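Survey of secondary and tertiary structure
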Amino acid sequence: MIDFSNTHIAFEGKSDRDLKKAEILFKTMASTSLVKIGKILSNIALSIKFPIGWALRPTIYKHFVGGESLENTRKTLEKLGQHKVKAVLDYSAEGGSTEKDIEETYNETVRSLMFAKNNPHISHGVFKASGIGPVDILKKYCKKQPLTAEEEIRFNIFKNRFFELCKIAYENDIPVLVDAEHVAYQDVIDELSDEAMARFNKEKAVVFATLQMYRHDRLAYLNRIDENSQKQGFIPGIKFVRGAYMEEERMLSRQENYPDPICKDKQATDENYNKGVSFVLERIDRFELFIGTHNEASCRLAAEKIQSLGIASSDKRIFFAQLYGMSDNLSFNLAKAGYNVTKYLPYAPVDKVLPYLIRRAEENTAIKGQTSRELQLIRVELERRKNERLNKK
């Protein structure tokens, strides 16, 4: 049985100084008021283009981000690789919605996929549909509203970009994760992901659809993918996450008067998530699986399921994943036990990744027990090292 409380393995790659910095960072994020103030000040700094990189680089940026460019990530990739943990390079520039921003994000995503080619430390590529297309048009398309001639052109450009990224992933033999997003435009992402899987996943999973399991309709969608894959002869790649937009989705469903798409409570979400993972593991002969979670119980259940089904822990069709800078007790203990593990490794210049960092801080504050759990593990390891040094004297 994996001991997820083993802090020696979890923090083997971090110095005492790294851990003490992380302790201060998570203590800060435990304060809702400090996070709110930080968000306000950061947004002001962005709006007036005030340079704040000097303050962020050695603190929250260093903890959650791999570097400002692809080349800057090499050191982090190699460090993770020393502990048999791979990475998903995620260009995390956010906030831009102009055609120039979209084109820049698309081109950088192409570069990231090319960079991943033959790199043993990278497990998957990734992209967001909202990063390579105009969200307002995607929403309109999903509402089945007619598009103007100009909107049709822009929508077709988006579709071409979507399939081109999948094609590049296929040609360079690097699996690519299509991130899930808001319900308002998720239908078009599902539609294109289904088509891309049917086109590129004939021999193995190249394109991975992402299912946010806090949505109560995702098990039905998973069943449809399974049925379609058997009829059309392709191997689905499935990435499971719990979800990232719960409060917004509930608010929008009330405002626009449609049924709440989110599970009734956390227990229902957990059950939905675990059922989805079990469904795929029981059919792993015709699937590939990406288990994205910071939930210890889900990791344990999945690991036990893998063992009970007689699947090798190192089976390349199955990966566990956590965000870089979080849940190292899960990532490194799973890797030590022989499972395939990868970290979502964001990269982007400081000013462009700031919205991502704000969201990380807010999520850590909002997720019950997450920050306190991180703090507890860090403090246990610092105390363990202190006692180890004393015992050597």
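Right, let's walk through the structure included here. None of these values were measured; they are calculated from a predicted model.

Helix length check: helix 2 (residues 16–29), at 14 residues, gives a terminal C-alpha distance of 20 Å against a target of 20 Å (1.5 Å per residue), a fit within 8%. Those residues of helix 2 lying buried are L19, A22, E23, L25, F26 and M29.

It is worth spelling out the pattern of salt bridges at this point. Scanning all chains against the criterion turns up 32 salt bridges. One salt bridge connects D217 with R215, and the closest N-O pair in it is separated by 2.7 Å. Judged by relative accessible area, D217 falls into the partly exposed class, the value being 28%. Overall, the relative accessible area of 5% leaves R215 in the buried class. The partner of E296 in a salt bridge is R373, with the nearest N and O atoms 3.1 Å apart. With E296 in helix 13 (residues 296–308) and R373 in helix 16 (residues 370–392), the pair connects residues that are 77 residues apart, well separated along the chain. The structure contains a network of salt bridges with shared partners spanning D16, E381, R384, R385, E388 and R389.

Looking now at the nonpolar core. If you look at soluble globular proteins, the nonpolar side chains tend to sit buried side by side. F162 and F240 are the most contacted members of the largest nonpolar core, which has 110 residues in total. Built from parts of two domains, this core gets at least three residues from each of domain 1 (1–65 + 365–392) and domain 2 (66–347). In contact with F162, other than residues within four places in its own chain, are F127, I132, V178, I189, L192, S193 and A196.

With that out of the way, let us pick up the packing of helix 12 (residues 266–281) against helix 13. Relative placement of two packed helices is described by the angle separating their axes and the distance separating the axes. One can describe the packing of helix 12 onto helix 13 by two numbers: an axis separation of 10 Å at closest approach and a directional angle of 20°. Looking at the two axes, helix 12 sits roughly parallel to helix 13. Handedness of the crossing formed by helix 12 with helix 13: right-handed. Mapping the contact onto sequence places Y273, N274, V277, S278 and L281 in helix 12 and S298, L301, A302, K305 and I306 in helix 13. The class makeup of the residues in the contact of helix 12 with helix 13 is 6 nonpolar, 3 polar and 1 charged.

Across the 5 residues that make up strand 5 (residues 237–241), a large majority, 5, are buried. Once you follow strand 4 (residues 207–212) into helix 10 (residues 218–232) and on to strand 5, the crossover reads as right-handed. Relative to strand 6 (residues 288–292), strand 5 runs parallel, the two sharing 4 bridges. In the strand pairing of strand 6, K239 is matched with F290.

Okay, the packing of helix 7 (residues 135–142) against helix 9 (residues 183–200) next. Look at helix 7 against helix 9: their axes get within 7 Å of each other, and the N-to-C directions meet at 85°. Put simply, helix 7 runs roughly perpendicular to helix 9. Across the interface between the two elements, V135, L138, K139, Y141 and C142 from helix 7 touch A184, Y185, D187, V188 and E191 from helix 9. A breakdown of the residues in the contact of helix 7 with helix 9 according to their chemical character gives 7 nonpolar, no polar and 3 charged.

Conventions used here
- Residues numbered from 1 in each chain as written.
- Predicted model: local features only at pLDDT ≥ 70, side-chain atom pairs only at ≥ 80, totals over all residues.
- Heavy atoms only, no water.
- Helix = DSSP H or I, 4+ residues; strand = E, 2+ residues; numbered from the N terminus.
- Expected span 1.5 Å × (residues − 1).
- Buried < 20%, exposed > 50% of the residue type's maximum accessible area, 1.4 Å probe, protein only.
- Salt bridge = Lys/Arg side-chain N within 4 Å of Asp/Glu carboxyl O.
- Core = buried A, V, L, I, M, F, W, Y, C linked by side-chain atoms within 4.5 Å.
- Domains from an automatic or database assignment.
- Contact = heavy atoms within 4.5 Å.
- Axes fitted to C-alpha atoms, helices over the stretch in contact; angles between N-to-C directions.
- Parallel < 35°, antiparallel > 145°, perpendicular 65-115°, else oblique.
- Left-handed = near helix turned anticlockwise from the far one by under 90°.
- Nonpolar A, V, L, I, M, F, W, Y, C, P; charged D, E, K, R; others polar.
- Right-handed = clockwise from strand over helix to strand, strands pointing away.
- Pairing = 2+ DSSP bridges.

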